[in-house]
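The chain contents come next:
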Amino acid sequence: IETRWEGRFITVKQQGTWEYVSRSRGIHAAVILAIDEAADGRHIILVEQYRVPLKVQCLELPAGLVGDDASGEAAEIAAERELEEETGYRAANWRTVGEFFSSPGMVSESFTLLVATGLTKVGQGGGVDGEDIIVHRVKLDGIEDFVAAKRAEGCGIDVRIAMLLAGGLLA
C-alpha cells in the first residue's frame, strides 16, 4: 500500500491499481439514529448542513468523528457529544447496532451506528465552529414525504436516510 497524499483528516492510498481514500489516524465516525417518542407518535431527529463536496445542503442522521480530538475515544462517547452539539438533545438510552461502511469500493471509512432513545431537549443544537446545522424533528409516519420534499428543494440525501425509508432498525 502506497500513500499518495495525506491531509489532516483523509489519506489517498494506492494498492496495485486500486486507489482509495481512508481517514487519517484511524479515525472513524459515530452515526446516531435518534428516536423521540412523544404522545403524538415517534419522531426522528435529522440534521441538515452544507456539504462542500456536494456543494448543497445535505439531509443526514446526526454524526461525528470518533477520536478527532482525543485518541482512544469510544464511539459511544463521541455519539453522546455529537448528538448534543448537533441537535441539542441528550439520550437516556443507547444501543450500538454495529459497524458499517459508507462506500467500500472507494473509501475505507467505517461508522458505528447507534440508536438513541429517551431523548430530552437540553440545548439549541446547530453544531460548532460555523457548522450551521439545521435540526429537523420529523414524524416517522411522514418521513417519506419529508425526504421527498427536501430532495425536491435540491437537498442532498445521505444514504443512511435509506434506513429510515426501509425500516428495520425502528422496530
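Computed from a prediction, not measured in an experiment: that's the story for all the values here.

A. Region of the structure containing the sheet that holds strand 3 (residues 18-23). Read across the sheet, three strands follow the order 1-2-3 without closing on themselves; strand pairing throughout is antiparallel. Looking at the sheet topology across the chains shown, the edges are occupied by strand 1 (2-6) and strand 3. For this sheet, the mean inter-axis angle between neighbouring strands, taken without regard to orientation, is 25°. As judged from the six bridges shared by strand 2 (residues 10-15) and strand 3, these two strands associate in the antiparallel manner. Residue pairing in the sheet places threonine 11 in a bridge with serine 22 of strand 3.

B. Highlighting helix 2 (residues 143-152). Every buried residue of helix 2 is accounted for by Ile143, Val147 and Lys150. All buried residues of helix 2 project into a common sector of 60° when viewed along the axis, lining one side. Residues of helix 2 that are exposed and point more than 90 degrees away from the buried face comprise Glu144, Asp145 and Ala152. Residues of helix 2 that are buried in the fold lie against strand 5 (41-51), strand 6 (56-60), strand 10 (134-139), strand 11 (156-157) and helix 3 (161-166). Phi for glycine 154, located one or two positions after helix 2, is positive at around 100°.

C. Region of the structure containing the nonpolar core. By size, the foremost hydrophobic cluster in this structure holds 17 residues, and its most contacted members are Leu33, Ile44, Leu46, Leu61, Ile143, Ile161 and Leu164. Looking at this core, the elements that each hand over two or more residues are strand 4 (28-38), strand 5, strand 9 (110-121), helix 2 and helix 3. A per-element tally of this core places strand 4 first, with four residues. Among the nonpolar cores identified, the runner-up in size contains 14 residues, and Ile45, Tyr89, Leu114 and Ala116 belong to it.

D. View of helix 1 (residues 75-87). Look at helix 1: 17 Å from first C-alpha to last across 13 residues, which is about the 18 Å you get at 1.5 Å a residue. Looking at helix 1, one finds that the buried residues are Ala75, Ala78, Ala79, Glu82, Leu83, Glu86 and Thr87. All buried residues of helix 1 fall inside an arc of 130° around its axis, so they share one side. Buried residues along helix 1 sit in contact with strand 4, strand 5, strand 7 (63-66), strand 8 (89-101), strand 9 and strand 10. Looking at the residues trailing helix 1, positive phi occurs at glycine 88, about 80°.

Conventions we followed
- Residue numbers run consecutively from 1 along every chain, following the written order of its sequence.
- Thresholds applied to this predicted model are a pLDDT of at least 70 for local features of residues and 80 or more for the giving and counting of side-chain atom pairs; totals over whole chains, interfaces and linings are not thresholded and use all residues.
- Values shown for side chains rest on all heavy atoms present in the structure; no hydrogens or waters enter the calculation.
- A strand pair is defined by DSSP finding two or more bridges across the two strands.
- Segments assigned H or I by DSSP are reported as helices when at least four residues long, segments assigned E as strands when at least two residues long, and all are numbered from the N terminus.
- Fitted lines through C-alpha atoms serve as axes, helices being fitted only where they are in contact, and the angles separating the N-to-C directions of these axes extend from 0 to 180 degrees.
- The buried label applies to any residue whose accessible area, calculated with a 1.4 Å probe on protein chains only, is under 20% of its type's maximum; exposed applies above 50%, and partly exposed to all values in between.
- Throughout, the arc means the angular range of directions from the helix axis out to the C-beta atoms.
- Contact between two residues is taken to exist if any of their heavy atoms lie within 4.5 Å; hydrogens are not considered.
- Within this scheme, the nonpolar core is defined by two criteria: the residues are buried Ala, Val, Leu, Ile, Met, Phe, Trp, Tyr or Cys, and they are joined through side-chain atoms within 4.5 Å.
- One less than the number of residues in a helix, times 1.5 Å, gives the span that helix is expected to have.

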